Amino acid sequence: MPLNIVVCVKLTPSTANIEIDPATGSLRREKMSFAINPFDEYAVEEGVRLKERIPGSWVGALSLGAPDSEAALRESIARGVDEAFLISGPAFEGSDTFATGYALAMGIKKIAQIKGRVDLVICAKQTNDSDTGQVGPAVAAWLGWPGISFVKKVEEVSDKFLRLHRMMEDGYDVIEADLPAVIAVLKEINEPRLASLKGKMAAKKAAIPRWGAAELGVDESKIGRRGSPCAVAQQAAPPARPQGHRIQGGSPQEKAKQLVEKLQELKLI
Amino acid sequence: MEQEKSAAQANAHKGVWIFAEQRHGQLISTAYELLNVGRRLASDLNAELSAVLIGHKVAEHAQALIEHGADRVFVHDHPMLENFLEEVYSRLLCELIQKAPPDKFLLPASILGRSVAARTAVEARTGLAADCTELSIRKDSGLLNAVRPAFGGNLLATILCENSRPEMATVRPMAFGRAQRVAGRQGEVVVVKVEPERFKTRTRFVQFVREDSGEQDIASCDKVVSGGRGLGASKGFDLIREFAHTLGAAVGASRATVDAGWIPYRHQVGLTGRTVRPKLYFACGISGQIQHLAGMSSSEVIVAINTDPEAPMMKLATFSIEGDLYEVVPAIIGELKHRRGDAVTHNSTNSN
């Protein structure tokens, strides 16, 4: 039986160009370029691959963010996703992972109403901006579905269950999860393909529904700043590392000797 | 969040909890690290420190946790808990939170900790700060100041969870030292009744496949030796492994080497890989792209070996050596072995 799959994506600052105002410690957003969270490329690719594995399946992309988050959704369509949906509105601003998980779960429920059902949600391991890795498990908790994070392989998939490899520190666990389920996938899971010309055309043409708090029927006490248990009290640039020491010396042996002496002084070896 | 309800809620929540992670029945080092920082927070609050232990045949570890600073250990011991399932572990943690509500709850930012903490926080309707590297108690309010790197370590954010309890945080492995052992220290062991028939578990553990072939894990070793593109070929990791072995270090890698298939992904340090915070980090032939720095720039001492003196890693490093790693690394290995040889001779002289 075909699967309905939803991939959660986010528009984030491109990693290489993060600029922080040294005075305020906050991001200089106006100076940064934004793109689909690089980790999401693997989640999108896995969704598209699973769709290809099970004929008749459908894969959608869902994002929560400012209106410009559409760019991440169009990128997902260019990479093979069938449809995209955006949750956006002032009421969602300032959402932490708790509130983000709730809003995405509500979006998934709405997609399930439209498409009949949703069998699988795929998130990336984390975003490159907040680095929390908490949204995948939070979405699973809000939906009350099984959740498996750090997934490095989908070994088997049917309309009833998934058999997954979950990375552990010393190897991997083979886990089976009944559907519907939420998984968070690692970079190791696949090699994302580039957007096709056909995909790019589809991305350009796609109409992306935008859902606000009212359309989604959310409990407004659970979204945005008000609904977020956590708040950022302060941001600062990390303290600069002390000035480094360049080991001088003629031969590699001399340099090695000096280095080892330094490390012994510091009781590191 | 609603102010009145949460103020009352905050009063009912007492003490600091830490999650004592075990792997294959053995406590891992984060348990001792969390006891260390948890003890400090508990002392500042004049509160008790409890450890939560989940596994099979793990009750024997309760005394070790007490001797390292826990006043109380909640033990969940059952065959179905031998292996980690997010659903099951988070359910147990939620039930325990409801029964004996804590004020603060720290978990390791390990694979298990990061997975289970986020689910538990939502189920317990509270906030969670991810992957913290500094923790303290605010004097005015008793709230937890949770400091964490974001944007790949380019920004330090202080997170507060004012109106929900427990305030939860995951803590980066190696961010804190281990608690000291006090032999014979007394504490309370609370055995929590686990009733598997109540769980409608929809996930099943099938098997564990070991992949590390006895190597140390990069996230829990206090020394890491990493190789980058400068190795030139996959066999370059033979030298890195030899170096790591001589030093007692774990083997790390840059993204480029993992993408090239020279070494498995679990070794990858960086934004798309894993985050490490060792006392000593060797970057061999790694230029220091921002994506790699995100995974290791909080290491205590960084040594860079590179032919390019202008590489970002050479500028970040505590000690930098300009040179060919294929000459410098063998020289360091030789020097280490030489000194170790000296030490052995020296000791045997003393014992005579």
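Calculation rules
Residues numbered from 1 in each chain as written. Chains lettered and ligands numbered in written order. Predicted model: local features only at pLDDT ≥ 70, side-chain atom pairs only at ≥ 80, totals over all residues. Heavy atoms only, no water. Contact = heavy atoms within 4.5 Å. Buried area = accessible area lost by both parts, 1.4 Å probe. Salt bridge = Lys/Arg side-chain N within 4 Å of Asp/Glu carboxyl O. Polar contact = N/O pair within 3.5 Å; in protein donor to acceptor, adjacent residues only side chain to side chain. Helix = DSSP H or I, 4+ residues; strand = E, 2+ residues; numbered from the N terminus. Pairing = 2+ DSSP bridges. Expected span 1.5 Å × (residues − 1). Buried < 20%, exposed > 50% of the residue type's maximum accessible area, 1.4 Å probe, protein only. Arc of directions from axis to C-beta.

Student: Explain the interface of chain A and chain B to me, please; I cannot follow it from the model alone.
Tutor: Interfaces are often sized by the accessible area lost when the parts come together. Contacts between the two partners involve 83 residues from chain A, matched on the other side by 89 residues from chain B. Summed over both partners, the interface of chain A with chain B comes to about 7,600 Å²; 59% of that surface belongs to carbon and sulfur atoms. Counting the surface chain A buries against chain B, the share from its top three residues, Glu169(A), Asp170(A) and Arg241(A), is 11%. Inspection of the region where chain A meets chain B yields seven salt bridges. Close ionic contact of Glu176(A) with Arg204(B) constitutes a salt bridge, the shortest N to O distance being 3.3 Å. For the pair chain A and chain B, the number of links is 40 residue pairs in polar contact (both at pLDDT 80 or more). Among the elements of the structure, helix 4 (135-143), strand 7 (147-157), strand 8 (161-168), strand 9 (171-178), strand 12 (231-236), strand 13 (245-246) and helix 7 (252-265) of chain A are those that each provide at least two residues to the side of chain A that touches chain B. If you tally residues by element for the side of chain A that touches chain B, the top one is helix 7 of chain A, at 11 residues. Note that strand 12 of chain A and strand 10 (residues 155-160) of chain B share five bridges and pair antiparallel. Among the inter-strand pairings, Ala236(A) is bridged to a residue of strand 10 of chain B, identified as Leu156(B).

Student: Just to check I follow, could you spell out helix 7 of chain A for this structure?
Tutor: A turn of α-helix holds 3.6 residues, and therefore any two residues three or four places apart point the same way. All names here are of chain A. Over its 14 residues, helix 7 runs 20 Å from end to end, which matches the ideal 20 Å to within 8%, given 1.5 Å per residue. Listing the buried residues of helix 7 in full gives Lys255, Ala256, Leu259, Val260 and Leu263. Angularly, the buried residues of helix 7 cover 130 degrees about the axis, an arc narrow enough to put them on a single face.

Student: Could you clarify how one ought to interpret the side chain of Ser226(B) in this entry?
Tutor: Residue and element names in this part refer to chain B. Checked against the element boundaries, Ser226 lands in strand 14 (residues 223-227). Classification of Ser226 by relative accessible area gives buried; the value is 0%. Residues contacting Ser226, with those up to four places away along its chain left out, are Ile240, Gly252, Ala253, Val269, Tyr281, Phe282, Ala283, Cys284 and Ile286.

Student: Looking at this structure, how should I read the pairing of strand 10 of chain B?
Tutor: Within a regular beta strand, the side chains point alternately toward one face of the sheet and then the other, so they alternate between its two faces. Residue and element names in this part refer to chain B. Extensive coverage of strand 10 is indicated by the burial of six of its six residues. Neither face of strand 10 is left uncovered, since the one carrying Leu155, Ala157 and Ile159 and the one carrying Leu156, Thr158 and Leu160 both have all their residues buried. Sheet topology places strand 9 (residues 144-150) next to strand 10; five bridges connect them, and they run antiparallel. Among the inter-strand pairings, Val147 is bridged to a residue of strand 10, identified as Thr158.

Student: Help me understand helix 4 of chain A, please; the structure alone is not making it clear to me.
Tutor: A large share of helix 4 of chain A lies buried, amounting to eight of its nine residues. Turning to helix 4 of chain A, its buried residues number three or more, namely Gly136(A), Pro137(A), Ala138(A), Val139(A), Ala140(A), Ala141(A), Trp142(A) and Leu143(A). Buried residues in helix 4 of chain A make contact with helix 3 (97-115), strand 6 (120-124), strand 7 and strand 10 (181-185) of chain A together with helix 4 (86-99) and helix 5 (111-123) of chain B. The first or second residue beyond helix 4 of chain A is Gly144(A), which carries a positive phi of 75 degrees.

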